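Below are the chains, spelled out letter by letter.
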Amino acid sequence: MAKPLQKERENRSADKKDLTFHPYNITPESAYTSILLLESREPEILCQTLRAITKFSAQEFQNRQVLFDLNAIRYILPHVEHPELNIKRFALKALAQLCQLPRGPEQVLANPQNLRKISYMLVKIEDVFVLEFASLVLSELTREPVGCEQLVSCNILNSLCNRMKNSLDPDVQKNCLQTLSNLLEDPVCASEVTKNQQFSWASLLALMQSPYLAIQHAALKTVDQLICRYKDQVVQKSFRASTGVLDLCDILESYEFRDVHTQVLGVLRNYVETEENAAHLYQSGCILRLLAYLEMALPAMKPHCLGVLTKMSFNSNGRDNYHVSTRAMLNPEFMVELLNILQRIDICLKIKTCTVLSSLMKEDLAKDLFTSKQGEEVISNNLHIEHIGLRTALCQLIFASVTEDGADVYVEMGTVHYMVENKQARYTVSAWESALEAIFRQHPSAKLAYTGRLDINDFTQEGFYVLKKLGGKFPTIQQLIDSTPPHHDPVFVTMFHQPYDAVSTSDIRMPYFASNPALASQPSRLRLPKLPDDVNLRNYLLRLKIWFGDPAKSLHYFEIEDAHYEVRYRDKCEEVTSSLKQRAQLLAEFVVEQMSGLTQERDCSMPSVDLHLADLMEDLGSRVLGLGWIRCGGPLERAILYKVLADRVGLPCALHRKTSAHAWCEVAIPELDPRETLEKEESYPAGLLRANYVVDLMSTSGSLLPRGSVEARKICGAGCTPYTAREVTEACRCTH
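Note that this is a predicted model, so its numbers are computed, not measured.

Scoring rules and cut-offs
- Residues numbered from 1 in each chain as written.
- Predicted model: local features only at pLDDT ≥ 70, side-chain atom pairs only at ≥ 80, totals over all residues.
- Heavy atoms only, no water.
- Helix = DSSP H or I, 4+ residues; strand = E, 2+ residues; numbered from the N terminus.
- Contact = heavy atoms within 4.5 Å.
- Areas by Shrake-Rupley, 256 points an atom, 1.4 Å probe, with all protein chains shown as cover.
- Buried < 20%, exposed > 50% of the residue type's maximum accessible area, 1.4 Å probe, protein only.
- Pairing = 2+ DSSP bridges.
- Patch = residues over 30% accessible without salt bridge, like charges linked within 9 Å, V, L, I, M, F, W, Y side chains within 5 Å.
- Salt bridge = Lys/Arg side-chain N within 4 Å of Asp/Glu carboxyl O.
- Axes fitted to C-alpha atoms, helices over the stretch in contact; angles between N-to-C directions.
- Core = buried A, V, L, I, M, F, W, Y, C linked by side-chain atoms within 4.5 Å.
- Expected span 1.5 Å × (residues − 1).
- Arc of directions from axis to C-beta.
- Phe/Tyr/Trp six-rings, centres within 6.5 Å; stacked < 30°, edge-to-face > 60°.
- Lys NZ or Arg CZ within 6 Å of the ring centre and 35° of its normal.

Caption draft 1: Molecular detail of the overall build of the chain. Helix and strand content of the chain: 41 helices and twelve strands. Restricting to contacts in the chain with at least 6 residues of sequence separation, those with at least 24 account for 69%. About 35000 Å² of surface is accessible on the chain, with carbon and sulfur atoms providing 52% of the total.

Caption draft 2: Structural context of the pairing of strand 8 (residues 653-657). For strand 8, the tally of buried residues reaches five of five residues, placing the bulk of the element in the interior. Going residue by residue along strand 8, you find Cys653, Leu655 and Arg657 tucked away on one face and Ala654 and His656 tucked away on the opposite face as well. Where strand 1 (residues 453-454) and strand 8 come together, two bridges link them in antiparallel fashion. The partner of arginine 453 across the bridge, within strand 8, is histidine 656.

Caption draft 3: Geometry of a nonpolar patch on the surface. A grouping of Leu542, Ile546 and Trp547 is seen on the molecular surface, where their side chains present a nonpolar patch of about 360 Å² in accessible area. Here leucine 542 lies in helix 37 (residues 535-548).

Caption draft 4: Examining the pairing of strand 9 (residues 663-667) more closely. Counted residue by residue, strand 9 has five buried out of five residues, so it is predominantly covered. Residues Ala663, Cys665 and Val667 point to one face of strand 9 and Trp664 and Glu666 to the other, with burial holding for every one of them. Bridge count between strand 8 and strand 9: five bridges; the pairing is antiparallel. When the sheet's bridge partners are listed, leucine 655 is paired in strand 9 with cysteine 665. From the end of strand 8 to the start of strand 9, which pair antiparallel, there are five residues. With three bridges connecting them, strand 9 and strand 11 (residues 693-695) associate as antiparallel partners. Residue pairing for strand 11: valine 667 is matched across the bridge by tyrosine 693.

Caption draft 5: Quick peek at the side chain of histidine 261. The topology assignment puts histidine 261 in helix 18 (residues 261-271). With a relative accessible area of 6%, histidine 261 lands in the buried category. Those residues in contact with histidine 261, other than ones at most four positions away along the chain, are Ile251, Leu252, Ser254, Tyr293 and Met301.

Caption draft 6: Structural view of the environment of lysine 473. Along the polypeptide, lysine 473 turns up in the loop between strand 2 (465-467) and helix 34 (477-481). Residues lysine 473 and glycine 414, spaced 59 residues apart in sequence, show a C-alpha to C-alpha distance of 7.4 Å. Sequence-distant contacts of lysine 473, that is, excluding residues within four places in its chain, are made with Val411, Glu412, Met413, Gly414, His417, Tyr450 and Ala725.

Caption draft 7: Layout of the sheet that holds strand 3 (residues 491-493). Strand order across the open sheet formed by three strands is 2-3-7, with mixed pairing between neighbours. Two strands bound the open sheet, and with one partner strand each, they are strand 2 and strand 7 (624-626). The sheet shows a mean angle of 25° between the axes of neighbouring strands, taken without regard to direction. Strand direction decides the pairing type here: strand 3 and strand 7, joined by three bridges, are parallel. Each bridged residue has a counterpart across the sheet, and for phenylalanine 492 the counterpart in strand 7 is leucine 625.

Caption draft 8: Structural detail: the nonpolar core. Counting 159 residues, the largest nonpolar core has Leu95, Trp201 and Phe474 as its most contacted members. Top element by residues in this core is helix 6 (residues 85-99). It accounts for eight residues. Residues within four places of phenylalanine 474 in sequence aside, it is in contact with Val411, His443, Ser445, Ala446, Ala449, Tyr450, Tyr465, Leu467 and Ala725. Residues Val466, Leu541, Leu613 and Leu651 belong to the second largest nonpolar core, which totals 51 residues.

Caption draft 9: Structural view of helix 37. Relative to the 20 Å expected for 14 residues at 1.5 Å per residue, helix 37 spans 20 Å between its end C-alpha atoms, a close match to the ideal helical length. Those residues of helix 37 that fall on the buried side of the exposure criterion are Leu537, Tyr540, Leu541, Leu544 and Phe548. Buried residues along helix 37 cover an arc of 90° about the axis, so they all sit on one side. The exposed residues of helix 37 that point more than 90 degrees off its buried face are Leu542 and Ile546. On its buried face, helix 37 sits against helix 38 (580-596) and helix 40 (635-646). One or two residues past the end of helix 37 sits glycine 549, with phi positive at roughly 90°.

Caption draft 10: Inspection of the pattern of salt bridges at higher detail. Considering all chains together, one arrives at 18 salt bridges under this definition. Across the pair glutamate 273 and lysine 311 runs a salt bridge, and its minimum N-O distance is 2.7 Å. One end of the pair, glutamate 273, is in the loop between helix 18 and helix 19 (275-283); the other, lysine 311, is in helix 21 (residues 302-312), with 38 residues separating them in the sequence. Through salt bridges with shared partners, one network takes in Glu437, Lys447, Arg453, Asp455 and Asp458.

Caption draft 11: Representation of the packing of aromatic side chains in the model. This structure, assessed with the given rule, holds eight aromatic pairs. Seen in terms of ring centroids, tryptophan 201 and phenylalanine 239 are 4.8 Å apart; in terms of plane orientation they differ by 65°. Their pairing is edge-to-face. With tryptophan 201 in helix 14 (residues 201-207) and phenylalanine 239 in helix 16 (residues 233-241), the pair connects residues that are 38 residues apart, well separated along the chain. Accessibility classification places tryptophan 201 together with phenylalanine 239 in one group, the buried group. Linked through ring pairs, Phe440, Tyr450, Tyr465 and Phe474 together constitute an aromatic cluster. The cationic tip of arginine 74 hangs over the ring face of tyrosine 75; the distance from NZ or CZ to the ring centre is 4.3 Å.

Caption draft 12: The arrangement of unusual backbone geometry in detail. Put simply, proline 485 and proline 486 share a cis peptide bond, and its omega is -5°. Structurally, the position occupied by proline 486 is in the loop between helix 34 and strand 3. Even without glycine at this site, glutamine 374 takes up a positive phi of about 60°. Here glutamine 374 is to be found in the loop between helix 26 (364-372) and helix 27 (375-383). Judged by its relative accessible area of 45%, glutamine 374 falls in the partly exposed class. Positive phi, close to 50°, is recorded for aspartate 489, a residue that is not glycine. By the secondary structure assignment, aspartate 489 is in the loop between helix 34 and strand 3.

Structure below.
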């Protein structure tokens, strides 16, 4: 009997519970009834109902949508000004929750008086909770342009900045920051903010180092919005006058603030967009601090830091003010770091790194560091990646960084051969040809081998060499010297000076390396091999200078100062004289004499020349022969000798090669009117000259033949394919 009675009591209690209405325990089904209670005049009912609404709204986001669909905002708005403090608090909190819905602000802003009421609470009321919820409502309402306009019209920007600066509640500070950020998104309202007298950088900069991460993010976002107003000179000048960039660097140097380092670097990257800002960042000493940060930063932060440094080089002030920071970066460790980044997988990161490296290459020390740390090898490996943007960046880096030693490396690794043979890349990558030309400019030996010609402005340097017979891949001079006997196929090298001091065996370029401690311990790749002294070639040049005079007045030289040697490389010829034709003919006669004797008594037929070269290789124990050692030469040997001597006596000369043993020279000399008699030597600008005479180096007279004439065509040959190292060719492919 006890169990049926117990069940009956439980059923009665359950029925009683189901029939009872709880107005302060809201469900989606009873939400409408609760909203109707907001029309009550009883403070207790209003307070409890609003409290229940905020609790219900906070449980699920869908609950807010239920309240919004029931037009709850209309019932809540009248109570934000209720004299009871708790009712005011809960009304503002409920309104803030509903304003977070997409269409919530629209309903509130339909009547401008609504925002005005809430704005004045931020000014007049000191209650912490009212300030928190009122500022939250304003931050949501100003997401709409209409809300920004209404807030500006309320003229409370002073109070907004004051609350953001002085409030002890971090939520109020965050909400005011968000409101300010919303105003800056609107172009019209943003100008009103920056013109306000209460606006100052001090409060914003202080909030960047707040202990609260959300406030830090909001402050950095607001600062970023302001400095991106590049046309607002008031903002730009006031920020430069503040401690802004120093504070940003302080944050970077603090491990405590590591979570916002990415955002800080983004602000700095945007800041250096203009010339004045880039100069200001340099003058404030922040570049050195960024470089120090780059060394200790986490790997994920390094690209962002490099982005700031790269952005600085995009404008003239950044580049002009970059010398101090550049020199700070010119150390082996930093170069290794950049090259390591260039070997990562990320293509965008590779391109950025190429940009940074290219900007550094204005300094010669950077180029030498690049070569000493195998930079050419890294470029060569990346060139095989079929990505147009990356290949373009790599070619630009080659153009900026290539040196004589670097060009040797590209030749040794086969990079030049790959670039010449890759016809598709030469077509699709615009900078491909420029990079190849930059390498050829530093390595005329390779240019002659791969193109079959050296133009008037291509100058042979010390160590210039030519292979008698080319194979499929052009080797370096060191590879040729290291070849083992028996020696076949000679190589002709130009050596006007002894490459090593006979007493100390020191490198003639040691003074340069001694002045750069970063390179003092680095191995040098000089294109000056250890070969027998070419006394004859040096005497040739001495005799020509006695005949023609020193051409230093019309030539620009790169000089290496040394107690024993004066090595000069011709850079360009500025002017030529009316006696140039006579000099060209005298030089031709001189070359013919050296290669065949005064009366051409030596047999210079092809078999005799080959036998003479074989004897020299046997006597010297090497296939690399100094050009002055050759006393019996054919067209190739004579053309090479003419070219290297012409480059050193100021004679514009081009060298062409067609077959294994066939080559000739063309000179550019001013055309003179035979009817005019010149009493004195006249000068002409060399830049206007073009090759117009072919030099006959096989006849006794060494005459000059007009280019295109029948005699000249006999020397040049017709229909011959250029003999280059691009492919293994036959000895001759003449079509006639």
